[in-house]
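Below, each chain spelled out in residue letters.
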Amino acid sequence: MTALVPSRYLLIGERPYRDADGGEAWFGYATRSAALIRLDRATAAALRSGDPDALAGLDPAEHRRLARLRALVGRGEDELAAVTGGLREGSARTSSRSVTIMPTSYCNMACSYCGQEHVKAAHDRVRADRTARRVEAMLADPGVDTVSVTWFGGEPLLALRVIRELSARFTAAAARHGKTYRARMATNGSLLTVRTLAELHRDCALDEMELTVDGPEEVHDRRRLRRNGRGSFHRTVTVLAETLARGAAPGLRIGIRVNIDRDNEDSVTDLLNDLACLGLAHPQVTLHLIAVHSWGNDVSEVELAARAYALREAGWLRTAEALGLHFAPLPAATVRTTCTATTRSGEIVDTEGRVYSCSEHPLVPGARDTGVVARVADLAGSARRPAGAFDDWYDQVGDGGAQCSRCPILPVCGGSCPKLWREGHLPCPSVKFNWAERLDLAVRRRGFTPFDADGGGAR
Ligand code: SF4
Ligand code: SF4
């Protein structure tokens, strides 16, 4: 039998817990399976030390369980190759296609940290029809079983009529061909009404929406000002709360993104309290705390250092947990592909019918022309887009030279953002730096309490 050794993708918690019966429990998080694993004291110590004798002394059933969860792997297994192989495989899948459509490139807001350039342009029916025909061709393709459309902008709700028209075509084509069609939207939320949300969910297959709230009212409205000078906090959160209270969009998952930098870091706790008071501690709502970083624009004045951010974030997450707000303490699934830019089954189409591989190219000054990989008019039927600048990402990681090649988080992160790496920024998600605090939250959520909390037990 091949000797088993601890995976390089296994993180071991640093403290013991008590279960409901008072028994001692330790925990590990295996990122190759995205599993939180209960361990006993001896197993945790053996996995941490990697001592072959200690590992050999473990119960055979425990060996098998840990191997199944990829916490233990065969000595000599090239785990980096296995992980990048899995990411390559996920990225090469053609049965699931995703298209990000920008129905408008204009935005009704002028957020202080936004790196996009917004332009007003008349809707072009011919180009929209070409984009619609491309999505319809994907739905008709016998090799495709799922098509996901993301409505993106600018602010997509400025083009609600276009979204309605195209959605009617997509849902009809999906029904005709017996395929799964789903839609999501990234919106600033300022134009939402309960009726619009219900309609988007019911008629346009919208099952996920992410909007941004950057602080309590006065902070949000200062940072995320509408071009007409009015704030948007009150309206946005009221619409969400009403939609949830009335059950107007029952299957819709709502992500609330909070962009955090030096300017608003001290108001995050107030915001969390406000969200809970407003009724947004709801199973349909997931909180996403995100550190502001550069999208090609200079945010160095306000950007928080990654470790300092992660430390504060751990505290915010504890507050969110106490308030009943929903969030994922640890990634619950491994990454199939890093992002649209790493799979030719994903693409972004702008209002001019240009096709991009990376979502940050269409509206970022200077990047627009370099990022075009094709035009919808030139792509035949459902043919996958040509390769873009970041489709070789797994070669770079697999070669072993990138920071991601040495990172234990890689299976649940995928490298975050190849574009930012290439531009010299650190795009690591906070979990890289605060996984131990997040693991602690996940364990407590399962009903375990710190072993030493009531004076019992030694470490
Ligand atoms: S982006 Fe950061 S956290 Fe993600 S795999 Fe790379 S080094 Fe790790
Ligand atoms: S490379 Fe970065 S910016 Fe581009 S699509 Fe991927 S995650 Fe987004």
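Residues numbered from 1 in each chain as written. Chains lettered and ligands numbered in written order. Predicted model: local features only at pLDDT ≥ 70, side-chain atom pairs only at ≥ 80, totals over all residues. Heavy atoms only, no water.

Draft legend 1. Seen up close, the overall build of the chain. The helix and strand inventory of the chain stands at 16 helices and 16 strands. Relative to its length of 459 residues, the chain is compact, with a C-alpha radius of gyration of 23 Å against a globular reference of 23 Å. Across the 459 residues that make up the chain, the buried fraction comes to 52%. Within the chain, residue pairs in contact and separated by at least 24 positions form 74% of the contacts whose partners lie at least 6 positions apart. Entry remark: accessible area of the chain is about 19,900 Å², with carbon and sulfur atoms responsible for 49%. Here the chain contributes 60 positive and 57 negative side-chain charges, whose respective centroids are spaced 4 Å apart. (Helix = DSSP H or I, 4+ residues; strand = E, 2+ residues; numbered from the N terminus. Rg over C-alpha atoms; globule rule 2.2 N^0.38 Å. Buried < 20%, exposed > 50% of the residue type's maximum accessible area, 1.4 Å probe, protein only. Contact = heavy atoms within 4.5 Å. Areas by Shrake-Rupley, 256 points an atom, 1.4 Å probe, with all protein chains shown as cover. Lys, Arg positive; Asp, Glu negative; His and termini not counted. Charge placed at Lys NZ, Arg CZ, Asp CG, Glu CD.)

Draft legend 2. Broad picture of the pairing of strand 7 (residues 96-101). Taken together, the 6 bridges between strand 7 and strand 8 (residues 146-151) define a ladder with parallel strand orientation. Bridging from a neighbouring strand, Ser 96 pairs with Thr 146 of strand 8. In this structure, strand 7 lies alongside strand 13 (residues 346-349), joined through 4 bridges in parallel fashion. In the sheet register, Ile 101 faces strand 13, and the bridge partner there is Val 349. (Pairing = 2+ DSSP bridges.)

Draft legend 3. Inspection of the nonpolar core at higher detail. Counting 64 residues, the largest nonpolar core has Trp 151, Phe 170, Met 209 and Ile 256 as its most contacted members. For this core, the leading source of residues is helix 6 (residues 160-177), giving 7 residues. Apart from the residues lying within four places of it in its own chain, the contact partners of Met 209 are Met 185, Thr 187, Leu 192, Leu 197, Leu 240, Leu 252, Arg 253, Ile 254 and Gly 255. Leu 11, Leu 330, Ala 442 and Phe 448 belong to the second-largest nonpolar core, a separate cluster that totals 18 residues. (Core = buried A, V, L, I, M, F, W, Y, C linked by side-chain atoms within 4.5 Å.)

Draft legend 4. Region of interest: the site of ligand 1. Residues in close proximity to ligand 1 include Cys 404, Cys 407, Leu 410, Cys 413, Gly 415, Ser 416, Trp 421, Cys 428, Pro 429 and Lys 432, which together make up its full environment. Of all the cavities here, the one that holds ligand 1 is the largest cavity. (Near = heavy atom within 4 Å. 1 Å grid on protein atoms, 1.4 Å probe; cavity = no way out; pocket = protein on both sides within 12 Å on 5 of 7 lines; lining within 4 Å. Sits in = over half its atoms within 2 Å of the grid points.)

Draft legend 5. A look at the packing of aromatic side chains. Here the structure, examined in full by the defined rule, presents 5 aromatic pairs. Plain terms: the ring middles of Trp 151 and Phe 170 are 6.3 Å apart, the flat faces sit at 15° to each other, and that makes the pair stacked. With Trp 151 in strand 8 and Phe 170 in helix 6, the pair connects residues that are 19 residues apart, well separated along the chain. Given a relative accessible area of 0%, Phe 170 falls into the buried group. A connected cluster of aromatic rings, assembled from ring pairs, spans Tyr 17, Phe 27 and Phe 448. In this structure, Arg 445 packs its charged tip against the face of Phe 327, placed 4.9 Å from the ring centre. (Phe/Tyr/Trp six-rings, centres within 6.5 Å; stacked < 30°, edge-to-face > 60°. Lys NZ or Arg CZ within 6 Å of the ring centre and 35° of its normal.)

Draft legend 6. Unusual backbone geometry, seen in detail. The step from Gly 153 to Gly 154 runs through a cis peptide bond, and the omega angle for that step is 15°. Residues other than glycine seldom take positive phi values, yet Arg 70 does so here, at roughly 60°. Relative to the helices and strands, Arg 70 is located in the loop between helix 3 (60-68) and strand 6 (72-74). Look at Ser 416: it is not a glycine, yet its phi comes out positive at around 65°. With respect to the helices and strands, the residue Ser 416 is situated in the loop between helix 14 (410-413) and helix 15 (418-422).

Function-wise, these values are silent; they only describe arrangement.
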